[in-house]
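# Working through the structure, step by step
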Amino acid sequence: MIKKYALVSAFVKLAFKLNHIKQIYGLPEIEFMKNGHKPILIPYTNQKDSRGIMSVLEDTCLPFKVRRYFWICHAPDNTIRGGHAHKSSKQLLICLNGCIEVHLEGLSGAKQRFKLESGQNKLLYLPPLYWGSFCFKNNAMAFCMASDPFDEADYIRDYREFEKLKHAYQHR
């Protein structure tokens, strides 16, 4: 009986510590995924002191297991990147410097715009089957986390192909 009590007590303490850590760092819950498969801004907090700013993301707070990381930097001002959609890969995008204007279009035809800026404390969840273009401004630097390793077959690079998918989706 004492061992059972000790085990339960240890578990309760651990759960309290994890909850406390989430409250301190403002880590988001996976509840945001209830919105379906739509792009969404996910907030996170920074810890600031005289030594600088530290931002924290833990894999338990992400909507998928990250299998690939990449970043884009030194893009000339007003450079447009993207111009494609993914068939199944999901991504999370953070603007580490400057500003990134994001233009997305889903299979329903609905268009969304997001403005990511450094220090904004938000990352953007990019689900599959959204055509995206990204305008880099003010020496922007993007850090991206993807659910899958690079696979050229996952890319839809021809907008006409994406339009065919949209048409099929809208007339199902």
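What counts as what
- Position numbers for residues count from 1 along each chain, tracking the sequence in the order it is written.
- Restriction of local features to residues with pLDDT of at least 70 applies here, the model being predicted, together with a cutoff of 80 or more for giving and counting side-chain atom pairs; totals for whole chains, interfaces and linings are based on all residues.
- For the side-chain quantities, the full set of heavy atoms in the structure was used; hydrogens and water were omitted.
- The salt bridge criterion pairs a side-chain nitrogen of Lys or Arg with a carboxyl oxygen of Asp or Glu, the two atoms within 4 Å.
- Each residue is assigned to one of three classes by its accessible area relative to the maximum for its type, calculated with a 1.4 Å probe on protein chains only: buried under 20%, partly exposed between the two thresholds, exposed over 50%.
- Secondary structure elements are taken from DSSP: a helix is a run of H or I of four residues or more, a strand is a run of E of two residues or more, and numbering for both begins at the N terminus.
- The length a helix should cover is 1.5 Å for every residue beyond the first.
- Each polar contact in these results corresponds to two N or O atoms within 3.5 Å; when the atoms are within protein, one needs to be able to donate a hydrogen and the other to accept it, and residues that are neighboring in sequence are counted only if both atoms are side-chain atoms.
- Only rings of Phe, Tyr and Trp enter the pairing, Trp through its six-membered ring, and a pair is recorded when the two centres are within 6.5 Å. The plane angle decides the type: under 30 degrees is stacked, over 60 is edge-to-face, the rest tilted.
- The definition of a nonpolar core used throughout is a set of buried Ala, Val, Leu, Ile, Met, Phe, Trp, Tyr and Cys residues joined through side-chain atoms within 4.5 Å.
- The contact criterion used throughout is that any non-hydrogen atoms of two residues lie within 4.5 Å.
- In this description, a disulfide is simply a cysteine sulfur pair whose atoms lie within 2.5 Å.
- On a scale of 0 to 100, pLDDT captures the predictor's confidence in every residue.

As a further point, take the pattern of salt bridges. Following the criterion strictly, the structure yields five salt bridges and no others. Between R51 and D49 there is a salt bridge whose closest N-O contact spans 2.5 Å. Between R160 and D158 there is a salt bridge whose closest N-O contact spans 3.3 Å. According to the relative accessible area criterion, D158 is partly exposed, its value standing at 31%.

This part is about helix α2 (residues 159–170). In this model, α2 (12 residues) spans 16 Å end to end at C-alpha, consistent with the 16 Å of a helix rising 1.5 Å per residue. A side-chain oxygen of the first residue of α2 lies 2.9 Å from the backbone nitrogen of R160; this N-cap is D158.

A few words on the packing of aromatic side chains. By the definition in use, this model includes six aromatic pairs. On the numbers, 6.1 Å between centres and 25° between planes, the contact of Y69 with F143 is stacked. With a gap of 74 residues between them, Y69 in strand β4 (residues 68–72) and F143 in strand β9 (residues 130–146) connect regions that are remote in the sequence. With relative accessibility at 22%, the residue F143 sits in the partly exposed group. Taken together, a centroid distance of 5.5 Å and an interplanar angle of 45° make the contact between F150 and Y155 tilted. Site record: aromatic cluster; members linked through ring pairs are Y69, W71 and F143.

Of all hydrophobic cores here, the largest spans 17 residues; its most connected members are L93, I100, V102, L124 and F136. Listing elements by their share of this core, those giving two or more residues are β6 (91–106), β7 (111–117), β8 (122–126) and β9. The biggest single contributor to this core is β9, with six residues. Residues within four places of I100 in sequence aside, it is in contact with C95, F114, K115, L116, F134, C135, F136, A140, M141 and A142.

Moving on to unusual backbone geometry. One non-glycine residue, N78, adopts positive backbone phi at about 70°. Within the secondary structure layout, N78 lies in the loop between β4 and β5 (79–86). Backbone geometry at N139 places phi at a positive 60°, although glycine is not the residue there.

Right, let's talk about the state of the cysteines for a bit. Applying the stated rule across the entire model yields zero disulfides. This cysteine, C95, is not joined by any disulfide, and C99 carries the nearest cysteine sulfur, 6.4 Å off.

Looking now at the confidence of the model for the protein. Here the protein shows a mean pLDDT of 83. Residues at 70 or above account for 79%. Taken together, the stretch residues 4–35 has pLDDT below 50 and engages in 31 contacts with residues farther than four places along the chain or on a different chain.

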